[in-house]
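Listed here are the chains, written in short residue letters.
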Amino acid sequence: MASKSSANILDLVSDKLLDIPQTPRALPRVMTLPGIINGYDGDSDSNLSGCRERKIIVANMLPLHVQRDPDTLKLTFKFDEDSLYWQLKDGFSPETDVVYVGSLKVEVDASEQEEVAQKLLEEFNCVPTFLPSDLHRKFYAGFCKQQLWPLFHYMLPICPDHADRFDRLLWQAYVSANKIFADKVMEVADPDDDYIWVHDYHLMILPTFLRKRYNRVKLGFFLHSPFPSSEIYRTLPVRDEILKGLLNCDLIGFHTFDYARHFLSCCSRMMGLDYESKRGHIGLDYFGRMVYIKILPVGIHMGRLEHVLNLSITSNKVKEIAQRFKGKKLIVGVDDMDIFKGISLKLLAFEYLLQMHPGLQGNLVLIQIVNPARSTGKDVQEAKKETYLIVNRINEAYGSPDYEPVVLIDRPVARYEKSAYYSMADCCIVNAVRDGMNLVPYKYIVCRQHSPHIDKTVDSEKETPRTSMLVVSEFVGCSPSLSGAIRVNPWDIESVAGAISSAITMKESEKQLRHEKHYRYVSSHDVAYWGRSFMQDLERASKDHYNKRCWGIGFGLGFRVVSLSPSFRKLSPNYIVSAYRRSNRRAIFLDYDGTLIPQTSIVKSPSEELISILSALCSDPKNTVFIVSGRGRSSLSEWLAPCEGLGLAAEHGYFTRWSRSSEWEACIPATDLEWKEIAEPVMRLYTEATDGSNIEIKESGLVWHHQDADPDFGSCQAKELLVHLENVLANEPAVVKRGQHIVEVKPQGVTKGLVAEKILSSMVEKGEAPDFVTCIGDDRSDEDMFESIRNTVLSASVTSTPEIFACTVGRKPSKAKYYLDDTADVIKLLGGLANASDPKPGNIARFQVTFDTIF
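Before going into details, it helps to say that this report is about the structure given with it. Please read these numbers as outputs of a predicted model, since none were measured by experiment.

What about helix α20 (residues 527-541)?
- The end-to-end C-alpha distance of α20, which contains 15 residues, comes to 21 Å, matching closely the 21 Å that a straight helix rising 1.5 Å per residue would cover.
- Those residues of α20 that sit buried are Val527, Ala528, Trp530, Gly531, Ser533, Phe534, Met535, Asp537, Leu538 and Ala541.

Section: the packing of aromatic side chains
- For the coordinates displayed, the defined rule picks out 31 aromatic pairs.
- Taken together, a centroid distance of 5.9 Å and an interplanar angle of 40° make the contact between Phe139 and Tyr174 tilted. Of this pair, Phe139 sits in helix α5 (residues 133-152) while Tyr174 is found in helix α6 (residues 168-188), placing the two residues 35 residues apart along the sequence. Of the two residues examined, Phe139 and Tyr174, each falls in the buried class.
- Between Phe772 and Phe805 the ring centres are 5.4 Å apart and the planes differ by 40°, which places this aromatic pair in the tilted class. You can see Phe772 sitting in strand β30 (residues 772-777) and its partner Phe805 sitting in strand β31 (residues 803-809), a full 33 residues away along the chain. Assigned by exposure class, Phe772 and Phe805 land together as buried.
- Put simply, the rings of Phe139, Phe143, Phe166, Trp171, Tyr174 and Phe181 touch in pairs and so form one group of aromatic residues.
- The residue whose ring lies beneath Arg434 is Tyr154, and the NZ or CZ to ring-centre distance is 3.8 Å.

What to know about the pattern of salt bridges
- According to the stated counting rule, one finds 42 salt bridges in the structure shown.
- Among the salt bridges present, the one from Glu123 reaches Lys119, with a minimum N-O distance of 3.2 Å. Of the two residues, Glu123 and Lys119 are both situated in helix α4 (residues 110-124); the distance of four residues between them amounts to about one turn of the helix.
- For Lys317, the salt bridge is made with Glu320, and the minimal N-O distance between the two is 3.1 Å. Residue Lys317 and its partner Glu320 are located together in helix α12 (residues 312-324), separated by three residues, close to a single helical turn.
- One continuous salt-bridge network, built from bridges that share partners, spans Glu81, Asp82, Arg304 and Arg415.

Some words on empty space enclosed by the protein
- Considering all chains together, one arrives at two cavities of 30 Å³ or more under this definition.
- In this structure, the second largest cavity spans a volume of roughly 30 Å³.
- Lining the second largest cavity are Glu651, His652, Lys698, Ser700, Gly701, Glu744, Val745 and Lys746.
- Its residues assigned to classes, the lining of the second largest cavity comprises one nonpolar, three polar and four charged.

With respect to unusual backbone geometry
- The backbone phi angle of Asn125 is positive, close to 60°, even though this residue is not glycine.
- Relative to the elements of secondary structure, Asn125 occurs in the loop between α4 and β5 (126-128).
- Look at His652: it is not a glycine, yet its phi comes out positive at around 60°.
- Inspection of the secondary structure puts His652 in the loop between β23 (647-650) and β24 (655-657).

Quick word on the nonpolar core
- Of all hydrophobic cores here, the largest spans 104 residues; its most connected members are Phe77, Leu104, Leu120, Trp197, Ile367 and Trp530.
- Excluding anything up to four places from it in sequence, Leu120 contacts Leu62, Leu64, Phe77, Leu104, Asn125, Cys126 and Pro128.
- The next biggest cluster of nonpolar side chains, apart from the first, holds 71 residues, and it includes Met186, Ile205, Tyr233 and Cys267.

Section: the pairing of strand β3 (residues 75-79)
- Pairing of strand β2 (residues 64-68) with β3 involves five bridges; the strand directions are antiparallel. Counted as the bridge partner of His65 is Lys78 from β3.
- Hairpin connection, β2 to β3: the antiparallel pair is bridged by six residues, and Leu73 has positive phi, about 65°.

Digging into the packing of α5 against α6
- Contact pair α5 / α6: the axes reach a minimum separation of 8 Å and the direction vectors enclose 115°. Once α5 is placed against α6, the crossing between them reads as left-handed. Residue-level contacts link Leu135, Lys138, Phe139, Gly142, Phe143, Cys144, Gln146, Gln147 and Leu148 of α5 to Leu170, Trp171, Ala173, Tyr174, Ser176, Ala177, Asn178 and Ile180 of α6.
- Class assignment for the residues of the contact of α5 with α6 results in 11 nonpolar, five polar and one charged.

Examining the packing of helix α16 (residues 440-449) against helix α19 (residues 508-524)
- Between α16 and α19, the least distance of the axes is 10 Å, while the angle of their chain directions is 110°. The angle between α16 and α19 falls in the class roughly perpendicular. Relative to α19, the crossing made by α16 is left-handed. In this structure, α16 contributes Tyr442, Ile445, Val446, Arg448 and Gln449 to the contact, and α19 contributes His515, His518, Tyr519, Tyr521 and Val522.
- In terms of residue class, the contact of α16 with α19 is built from six nonpolar, three polar and one charged.

Looking at the environment of Asp544
- Looking at where Asp544 falls in the secondary structure, it is placed in the loop between α20 and β18 (549-553).
- In sequence terms Asp544 and Arg216 are 328 residues apart; their C-alpha atoms lie 9.6 Å from each other.

A short note on the sheet that holds strand β16 (residues 470-473)
- Taken in spatial order, the six strands of this open sheet run β14-β13-β12-β15-β16-β17, and their pairing is parallel. Strands at the two margins of the open sheet, each flanked by one partner only, are β14 (406-409) and β17 (486-488). Across the sheet, the mean angle from the axis of one strand to that of its neighbour is 20°, orientation sign disregarded.
- Sheet topology places strand β12 (residues 329-336) next to strand β15 (residues 427-430); two bridges connect them, and they run parallel. Counted as the bridge partner of Ile331 is Cys427 from β15.

Thoughts on the side chain of Ser265
- Mapped onto the fold, Ser265 is located in helix α10 (residues 257-271).
- Looking at Ser265, the relative accessible area reads 12%, which means it is buried.
- Look past the residues within four positions of Ser265 in its chain and what remains in contact with it is Ser230 and Asp712.

Side note on the environment of Tyr275
- Looking at the secondary structure, you find Tyr275 in strand β9 (residues 275-278).
- Taking the relative accessible area as the measure of exposure, Tyr275 reaches 41% and is therefore partly exposed.
- For the pair formed by Tyr275 and Tyr292, sequence separation is 17 residues and the distance between their alpha carbons is 9.3 Å.
- Not counting residues within four places of it along the chain, the set of residues in contact with Tyr275 comprises Leu264, Ile282, Gly283 and Leu284.

Brief notes about the sheet that holds strand β29 (residues 742-747)
- With antiparallel pairing, the four strands of this open sheet are ordered in space as β26-β27-β29-β28. Of all the strands in the sheet, the pair left with one neighbour each is β26 (694-697) and β28 (734-739). Here the strands of the sheet are splayed against their neighbours by 15° on average, with no regard to which way each runs.
- Here six bridges tie β28 to β29, and the two strands are oriented antiparallel to one another. Each residue of the ladder has a partner; that of Val735, found in β29, is Lys746.
- Strand contacts of helix α24 (residues 676-689): β26, β27 (702-705) and β29, with the helix running at about 10° to β27, the strand carrying the most contacts.
- Taken strand by strand, helix α25 (residues 711-728) contacts β27, β28 and β29, and its axis lies near 170° from that of β28.

Some remarks on helix α11 (residues 302-309)
- The complete set of buried residues in α11 reads Met302, Leu305, Val308 and Leu309. Relative to the axis of α11, the buried residues are bounded by an arc of 135° and lie together on one face.

A look at the side chain of Ser700
- Mapped onto the secondary structure, Ser700 falls in the loop between β26 and β27.
- On the basis of relative accessible area, Ser700 is assigned to the buried category, the value being 3%.
- One polar contact links Ser700 to Glu651, side chain to side chain, over a distance of 2.3 Å.
- Dropping the residues within four chain positions of it, Ser700 is found in contact with Glu651, Tyr654, Leu673, Trp675, Lys676, Lys746 and Pro747.

Here is what the cut-offs are and how they apply
Residues numbered from 1 in each chain as written. Predicted model: local features only at pLDDT ≥ 70, side-chain atom pairs only at ≥ 80, totals over all residues. Heavy atoms only, no water. Helix = DSSP H or I, 4+ residues; strand = E, 2+ residues; numbered from the N terminus. Expected span 1.5 Å × (residues − 1). Buried < 20%, exposed > 50% of the residue type's maximum accessible area, 1.4 Å probe, protein only. Phe/Tyr/Trp six-rings, centres within 6.5 Å; stacked < 30°, edge-to-face > 60°. Lys NZ or Arg CZ within 6 Å of the ring centre and 35° of its normal. Salt bridge = Lys/Arg side-chain N within 4 Å of Asp/Glu carboxyl O. 1 Å grid on protein atoms, 1.4 Å probe; cavity = no way out; pocket = protein on both sides within 12 Å on 5 of 7 lines; lining within 4 Å. Points joined across faces, edges and corners; volume = space filled by probe spheres on them. Nonpolar A, V, L, I, M, F, W, Y, C, P; charged D, E, K, R; others polar. Core = buried A, V, L, I, M, F, W, Y, C linked by side-chain atoms within 4.5 Å. Contact = heavy atoms within 4.5 Å. Pairing = 2+ DSSP bridges. Axes fitted to C-alpha atoms, helices over the stretch in contact; angles between N-to-C directions. Left-handed = near helix turned anticlockwise from the far one by under 90°. Parallel < 35°, antiparallel > 145°, perpendicular 65-115°, else oblique. Arc of directions from axis to C-beta. Polar contact = N/O pair within 3.5 Å; in protein donor to acceptor, adjacent residues only side chain to side chain.

Right under this line is the structure:
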């Protein structure tokens with residue numbers, strides 16, 4: 001059921017999870033009504049004059065350091081300058097007002113929350129969410145870390161020891177937490193002007209709450225983790241709710257094309273949505289709204305890192321490292337302690353390298369820095385235990401009193417100390433088995449570029465060429481951006497060992513070239529560039545919000561917005577019947593499948609009711625009624641035989657007849673169809689190679705169907721078949737077109753638009769120019785008919801312009817001016833026209849309807 005405005009549908013939603021209460025507004029904001037904005041002239045500059053541009057950044061955690069003063073016991077706050085969310089504001093103009101919404105890293109007592117919220121808003125432009133402790137535990141440590149995080153890193157709960165099974169209570173906590181975040185955003189958001197940027201997998205259904213409250217909200221989302229392949233993602237019981245949540249955004253960002261491709265595949269396989277690429281931008285048409293996909297890896301903050309490099313404490317640490325490991329080559333690794341970082345695999349590769357190259361023993365050191373684990377659990381403890389076992393084994397086998405092959409630093413390490421190790425390492429290795437956007441290689445490259453301070457520390461007599469070497473897992477998000485790195489499969493221990501050997505033995509000139517290439521990329525694609533680029537694309541993606549009409553439809557987490565042209569509206573039966581009665585000559589064009597008969601119906605023959613309605617319309621001498629279909633003439637002749645005066649146009653107009661008693665006419669001679677003998681063998685080749693596909697042989701053409709094939713493979717084969725047929729039929733009088741799950745070959749000059757034009761022209765030539773034209777259809781082929789009818793009627797030599805009712809079935813972008821919801825509405829509308837016909841149908845009671853109760 002679809003309503004005319006989002007206000008109507010909000011009243012119908014019964015899901016308590018989406019009951020959004022009116023919340024007090026801490027900042028002034030402007031309310032708008034869905035639908036057409038009265039007086040809106042499209043001049044955004046005039047509307048925003050005198051107002052500061054504002055961006056709202058929504059993330060799980062606020063970019064703040066929080067401490068409790070030991071004397072006053074009051075909470076003290078300061079910005080976390082290492083937080084990505086704090087740093088990305090450098091990509092915005094200085095006049096931009098940035099508001100942050102998220103949770104604090106400490107629990108705040110209920111008695112303090114109001115005071116803390118006011119302080120954070122006034123002094124830091126931050127809005128805290130204050131999740132209850134039990135809810136936060138189930139939301140973050142539960143659903144996010146036990147279910148989403150493992151799944152997005154390709155870990156399935158095949159058995160209880162492997163991962164946690166889906167828990168409905170944890171999912172409800174996730175939904176409740178997202179709703180609290182949404183409430184806080186609504187307290188400060190001005191939906192007309194503000195841009196809202198939501199971050200990461202913790203808040204993937206937040207867009208549904210915001211879109212439901214504000215149909216035209218300008219909303220972006222960026223996923224900082226991998227997005228799994230459809231085979232993995234489809235195992236999630238709430239997969240549809242999360243996909244629909246993301247699709248309620250205007251722009252969705254991913255680090256790599258692989259992650260974006262997996263998301264698009266899920267949309268195709270689970271929701272039947274196909275993407276298109278126009279002028280470099282990937283978009284999904286979701287109920288008339290174009291949802292754009294952004295592919296751009298995040299960068300680092302160059303200024304922050306360079307500042308750390310120039311600290312005296314950093315230079316002292318560099319000097320200490322240089323003295324301790326003098327004469328040795330250093331390899332550095334910095335990883336969190338979890339099962340996805342591949343620390344044990346890295347150690348096994350290093351062990352194999354020392355075993356196979358004895359000359360490296362005593363000269364090569366792996367410094368492995370382990371960041372504290374972000375979560376606790378059995379898997380973390382097992383990973384830590386295995387790490388220590390391998391380190392001890394390597395050091396015992398290859399170490400000596402003055403040589404420790406592996407230096408394991410398992411404690412919190414300050415940024416300056418990490419920077420010092422980066423600066424002194426000959427090679428950096430990131431060996432994760434699955435990771436989002438790992439910034440360690442970027443930091444290593446910048447540190448290797450050195451600062452003058454560090455050059456002096458290591459007693460450089462002259463400026464030496466900068467070099468760096470990277471060994472990077474191909475399963476890490478930054479891998480595609482670092483084309484000069486040695487990419488490895490972390491599971492192939494021998495290959496990883498070989499890559500490390502190549503990295504430390506490579507010629508200095510090649511190391512320099514690789515480093516220069518990487519540094520140019522990292523320095524130009526920093527975090528400011530990332531934030532600025534994303535926001536520019538979000539502005540572009542949402543610029544047409546006020547040029548369309550919006551309807552909110554769907555219940556609960558299935559809510560979405562239909563966005564269509566302002567001139568596109570539902571066909572009023574009273575209006576068309578009134579025009580029908582005033583007219584003296586009428587032309588009515590009707591598609592068959594999807595218009596008169598539902599696409600999902602197994603029985604394709606018309607009902608008795610439909611036959612009676614069509615017969616009544618045809619019996620009126622003022623009417624010329626045609627069924628214009630892609631079906632063959634034999635089926636249409638058989639099914640519609642009771643309708644004496646009904647005209648038929650079969651196979652998209654290749655065959656036409658004006659009534660049951662007239663002969664079929666072909667638009668071209670049968671001898672011009674010899675190209676079918678060329679096209680059919682090609683189609684059969686693809687049918688044999690594509691399971692689930694089939695060929696439909698028509699008198700005038702051929703259709704290759706792949707709706708029952710694998711969606712991705714079928715689509716790929718259809719693209720290839722299209723090119724293949726175009727090549728072999730280049731000199732033949734045939735056209736090849738791709739449609740919804742089909743590739744069709746038909747004669748040139750055969751379309752529904754052309755047959756409608758031919759019929760209307762014939763009526764004009766007979767002196768029967770219509771003053772009323774109705775055309776109803778549901779698919780792409782009918783769009784040609786809508787356009788052709790308008791052009792033909794308006795260009796014909798008639799005394800007055802006829803009333804045209806071009807109507808598509810379903811709310812979707814169309815060249816038609818009107819729509820009806822489904823085939824049932826079409827039948828009821830035609831029944832109303834039959835009632836207004838002359839002579840009246842004998843069974844008029846059958847069609848007696850009250851439009852006010854139907855529409």
